[in-house]
Amino acid sequence: MNQHAKAISFVLNGSKTEMLVQTHENLVELLGRLDLYGARESCGQGLCGCCTVIVDDVAVSGCLYPAAFVDGKTITTIEHLDHDVQLSPVQQAFIEEGAFQCGFCTSGFILMTHKLLEQKPMPTDEEIRDYLAGNLCRCAAYPEIINAVKSAATKMART
Amino acid sequence: MTIHKPMPAGQVGRSLPRLESREKVTGRADYVHNIRLPGMLIAKVARSTVAHGRIVSIDTSAARQVEGVFAVYTGEDIRKIIPEPYYGPAFHDQPILALGKVRHVGEPVAVALARDAHAAEQAAQLVEVVYEELPAVFDEVEAMDSKAIVHDVLKPAGTFPDLKHLHGKKNTNIALDFHLRRGDVDKAFAGAAHLFEHEFHTQQVMHTPLEPMVSLAEPTRDGLTIHTSSQSPSFVRIEIARLLGWPENRVQVKVPYLGGGFGAKLYIKLEALVAALALLTRRPVKWSLTMEEQFYTISKHATTFRIKSAVDAAGKITGRSCAVYWNGGAYADIGPRVTQKSGFTAPGPYDIENVAIESYSLYTNRPPAGALRGFGIPQLVWAYESHTDLIARELNIDPVEFRRMNILREGRPQATGTAMKDAAIDLVLEKLAERMNWSAPFDRGGGTVRRGRGVGIGFKASISPTTSVAFVNIYADGSCALYMSTVDMGQGSDTAMAQIVAEVLQVQAESVRVIHPDTDVTPYDMATLGSRSTFHMGNAVKLAAEDAKQKLEAMARSVGVPEGSNLETREIFKKKYGMQAGNVMGVGSYIPGYKSPDSVSGMSDNITPFWMIGGTGVEIEVDTETGHVKLTKLVNAADMGRPLNPRIVETQLSGAAIMQLGFTMFENMEFDAGQVTNASFADYKIPGIHDIPPAIENHIVLAEQGGGPFGAKGVGESATFGVSPAIANAIHDAVGVRLTDLPLTAESVLRAIRLKAGNPIGD
């Protein structure tokens, strides 16, 4: 760490965390230093959604988000969804519908689906497509992803 | 586990979810991307800015002064570790870092190392290189007789038996030329009732796996461990050992999950540089490409295909000549195999008596091209199925009926002379016709929205002769593990192979542990490519499981367990060793038969152990005012024998078709003087969720592959084959214009519509 390092504190997946960060460091790099690899840099331009992280309830592209900006904020990553050992209904639905192949983009799709279902508990196909338009899947599991979102919505409506 | 018990509900044919599902939905799946080692250095490369040039000087002094930089190296430094630093699966033509000359924009010239990626990147940007530019060649047809010669010397690799004839042509850009002659095509043309001749082009595109290529090498006591996102760990080990002059056992290659591969991560890519750097620095070195850098590393061949057919008065194709030019870019990679393996299927899945094929693998000054989901087949199907449709239209024969009249049926010889076996081409065609409701009236739209439909069908031979080896280890408590070097890059191989083990050993597939590729532990496999794993590794795994079962049965007999006993496996081990101890190790090794094509005629009576068949039908709407094409229905059908896991197979079909949809409708690497001007997702569009048609159907035709494990064969590529021509044929059907170049953008559709209307759009 050099003279550009900044001390920050934030809540990460429910735990208070303090880190020294570089001004040029992005959120994916910071999470990597904390051994969280579920948010992944792929396109490096905020266009693919592989690096999705929830910061203060907003989904952000971790590859474009300066690490120093999370000072005082609350971060949720994919690794937090099963903190009570149970998979979330969205995660279960993704497994049941086979909504992934290589899995590299899956964290982003699942986090975005959680955000979508918070806002629209029973989304239409068009609403699903619109909300997930910023996430890319090169294996093209899109038909299964749409099914998984609908299945998760049904699961959550039942509980 | 028990032996001699009735089978549990069939393990093969079950649609169980992927074994690693939980890891993938929790963000905890293992990728090379995740690995960070103590003392690790990050590598960033400086890349060529010219397409073809002599290196006059490289100045690394400014780069070395960047704070935190550990070292900056050039090609000459690599030579201290590897005196002949050229690699490649077909030719040893690719330098680890450029030596003397650069052959494409983006070629690695120097490398900077630092603990911090940002410092390494800054340093790489400060490397100053002076080039003396040379004339460059970019087009595959021009490369045939260009004065610009990409390689002065050619060094065939001699690694693979199917490429043993490879020598290249000195003072040309031809890496491989494949020729096939069957019957007398000139006579057929002379006597034809109708002659048709067309030229088609495909564009250069990139795989863009969302996990960009990444490799990490760490020095060990007496060797190297390489963690790499590779589809071919065994090849990496052999090639690194060859470069270093070491025995294989000093190189360990480990591969966790891959975040997509599609052919981009085959043979050897980043591994040679990280290996050399780890030995130079005695530190672990990791090199991760950016999305942009991937475009300069490997791509799919652009092609030109000239096809000519003779048709008799009854509508039977009597002769066909094919000349295919493959734009291989600056380094051959596996282009020569693409040229030959795909080349011999260039006339398509039709029964044609007289055939002539020329297929040329050409060097140019573009980024290298290799295998991409189909090994060249989609480029060929694009041409021959567009051509087929044009002939049918010209002769006023229904396109499906014309295919029926000419299709290559079971037992008939393919162009090479190999008789078709277990190739349900006709079933795939009929399934498409049925699901497209082909014989029913079709709504053609009206006004500015015109509707059309089209089909395309293709076939592919397997890569042969190639070897797979597997171990099945039964532990003393009766649990078991499968050791194999097949790489799970999303296609579901871990799950499918576990199902094979489970079927043989009569256990639940979920209980089989699959050990990921680690060349210190898992045995040889040629590579995870060309949809070969299900058939080749599937057979090896089945043999290994059967071997383990027989050995366990022999052990049971040796301790006096009566035949047909229900004694649990753990009890057999206890009887043998007096406690929970010992192993039973089953070994399986598989290589199918193969006969190389004759060097003059190109003929062979055993060209492939199995055929892959795939077809696609589409319905589309064309907006005649904008040229915009909207896909309303996509039907894929394939023969993959008996599916091991039908659910995963269906997603392979739809995933392959959607990927090919991108290559058909919009993906295109654009160039300016050899530089890719759209090398990022900001400018290079891949299919997103809005590009998925409202109706997708995936059909597995009922078939069985003889010699395949439980009747199965590969499927990862089959649904790519027919997509592009099906859409072009549908556009023709809708608005009467024919596009011969991919991609089929709205602009090119509109230009064609306006040209036909006598109102062309200016440039």
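Everything numeric here is computed off the predicted structure, so don't read it as measured data.

Peer 1: Sorry if this is basic, but what is going on with the overall build of chain A here?
Peer 2: Helix and strand counts for chain A stand at 5 helices and 5 strands. Expected size for 159 residues packed as a compact globule is a radius of gyration near 15 Å; at 16 Å, chain A falls within 12% of this value. With respect to the principal axes defined by its C-alpha atoms, chain A has extents near 50 × 30 × 25 Å. Sequence separation of at least 24 residues holds for 60% of the intrachain contacts in chain A that already meet a minimum separation of 6.

Peer 1: What exactly am I supposed to notice about helix α11 (residues 377-394) of chain B here?
Peer 2: Across its 18 residues, α11 of chain B extends 25 Å between first and last C-alpha, which sits within 8% of the 26 Å expected from 1.5 Å per residue. Of the residues trailing α11 of chain B, Asn396 of chain B is marked for its positive phi of about 65 degrees.

Peer 1: Could you clarify how one ought to interpret the packing of helix α2 (residues 89-96) of chain A against helix α5 (residues 142-158) of chain A in this entry?
Peer 2: Relative orientation and spacing of two packed helices are given, respectively, by the angle between their axes and the distance between those axes. Residues and elements named next belong to chain A. Two elements in contact, α2 and α5, have axes whose closest approach is 8 Å; the angle formed by their N-to-C orientations is 135 degrees. The angle between α2 and α5 places the two elements in the oblique class. Crossing of α2 over α5 shows right-handed handedness. Between α2 and α5, the contacting residues are Pro89, Val90, Gln92, Ala93, Phe94 and Glu96 on the first element and Ala148, Ser151, Ala152, Lys155 and Met156 on the second. Among the residues forming the contact of α2 with α5, the class breakdown is 7 nonpolar, 2 polar and 2 charged.

Peer 1: What is the right way to read the domain arrangement of chain A from this model?
Peer 2: Residues and elements named next belong to chain A. Examined at the domain level, chain A breaks down into domain 1 (5-79) and domain 2 (89-158). Computed from C-alpha atoms alone, the centre-to-centre distance between domain 1 and domain 2 is 22 Å. Grouping the constituent residues of the side of domain 1 that touches domain 2 by class yields 6 nonpolar, 4 polar and 1 charged.

Peer 1: Where do I start with the nonpolar core in this structure?
Peer 2: Here is a general trend for soluble globular proteins: nonpolar side chains tend to be buried in one another's company. Core analysis: the biggest nonpolar cluster contains 298 residues, and Val274, Val501 and Ile731 of chain B have the highest contact counts within it. Discounting residues that sit within four places of it in the chain, Ile731 of chain B has contacts with Gly452, Ile620, Val622, Val629, Val737, Leu739, Leu744 and Val749 of chain B.

Peer 1: What is the right way to look at the interface of chain B and chain A in this model?
Peer 2: With 43 residues of chain B in contact, the opposing surface of chain A contributes 42 residues. When residues of the side of chain B that touches chain A are traced back to their parent elements, those giving at least two are α1 (21-25) and α17 (646-665) of chain B. It is α17 of chain B that contributes the most residues to the side of chain B that touches chain A, 7 residues altogether. The residue makeup of the side of chain B that touches chain A, split by class, is 21 nonpolar, 18 polar and 4 charged.

Peer 1: What is the right way to read helix α15 (residues 533-558) of chain B from this model?
Peer 2: Because each turn of an α-helix spans 3.6 residues, side chains separated by three or four positions in sequence point in the same direction. Its 26 residues place the ends of α15 of chain B 36 Å apart at the C-alpha level, agreeing with the 38 Å of an ideal helix rising 1.5 Å per residue. Just past α15 of chain B, the residue Gly560 of chain B takes up positive phi, approximately 85 degrees.

Peer 1: Help me understand the domain arrangement of chain B in this model?
Peer 2: Put simply, an interface is often sized by how much accessible area is lost when its parts join up. Residues and elements named next belong to chain B. Domain assignment breaks chain B into domain 1 (40-50 + 52-135 + 213-288), domain 2 (299-463 + 598-756) and domain 3 (466-590). The centre of domain 2, based on its C-alpha atoms, is set 38 Å off from the matching centre of domain 3. The partner domain 3 presents 18 residues to the 20 residues of domain 2 that form the contact.

Peer 1: Is there a simple way to think about the sheet that holds strand β5 (residues 74-76) of chain A in this case?
Peer 2: Each strand in a sheet pairs with another by means of backbone hydrogen bonds, the pair being arranged parallel or else antiparallel. All names here are of chain A. Strand order in the open sheet formed by 5 strands is β2-β1-β5-β3-β4, and the pairing between neighbours is mixed. In this open sheet, the two strands that pair with only one neighbour each are β2 (15-21) and β4 (58-61). Pairwise comparison of adjacent strand axes, ignoring direction, gives a mean angle of 40 degrees for this sheet. As defined by bridge partners, strand β1 (residues 6-12) adjoins β5 across 2 bridges and the pair is classed as parallel. When the bridges of β5 are listed, Leu12 appears paired with Ile75. Along the sheet, helix α3 (residues 106-119) contacts β3 (52-55) and β4; its crossing angle with β3, the most-contacted strand, is approximately 40 degrees.

Peer 1: What should I look at first to understand the sheet that holds strand β10 (residues 194-202) of chain B in this one?
Peer 2: All names here are of chain B. Taken in spatial order, the 5 strands line up as β9-β17-β16-β15-β10 in an open sheet, and their pairing is mixed. Since the sheet does not close on itself, it has two edges, and those belong to β9 (174-182) and β10, each with one partner. For this sheet, the mean angle separating the axes of adjacent strands, direction not counted, is 5 degrees. Sheet topology note: the β9/strand β17 (residues 354-362) ladder contains 8 bridges and is antiparallel. Counted as the bridge partner of Asp177 is Tyr360 from β17.

Rules used throughout
Residues numbered from 1 in each chain as written. Chains lettered and ligands numbered in written order. Predicted model: local features only at pLDDT ≥ 70, side-chain atom pairs only at ≥ 80, totals over all residues. Helix = DSSP H or I, 4+ residues; strand = E, 2+ residues; numbered from the N terminus. Rg over C-alpha atoms; globule rule 2.2 N^0.38 Å. Contact = placed C-beta atoms within 7 Å. Expected span 1.5 Å × (residues − 1). Axes fitted to C-alpha atoms, helices over the stretch in contact; angles between N-to-C directions. Parallel < 35°, antiparallel > 145°, perpendicular 65-115°, else oblique. Left-handed = near helix turned anticlockwise from the far one by under 90°. Nonpolar A, V, L, I, M, F, W, Y, C, P; charged D, E, K, R; others polar. Domains from an automatic or database assignment. Core = buried A, V, L, I, M, F, W, Y, C linked by C-beta atoms within 7 Å. Buried ≥ 20, exposed ≤ 12 C-beta atoms within 10 Å, placed from the backbone. Pairing = 2+ DSSP bridges.

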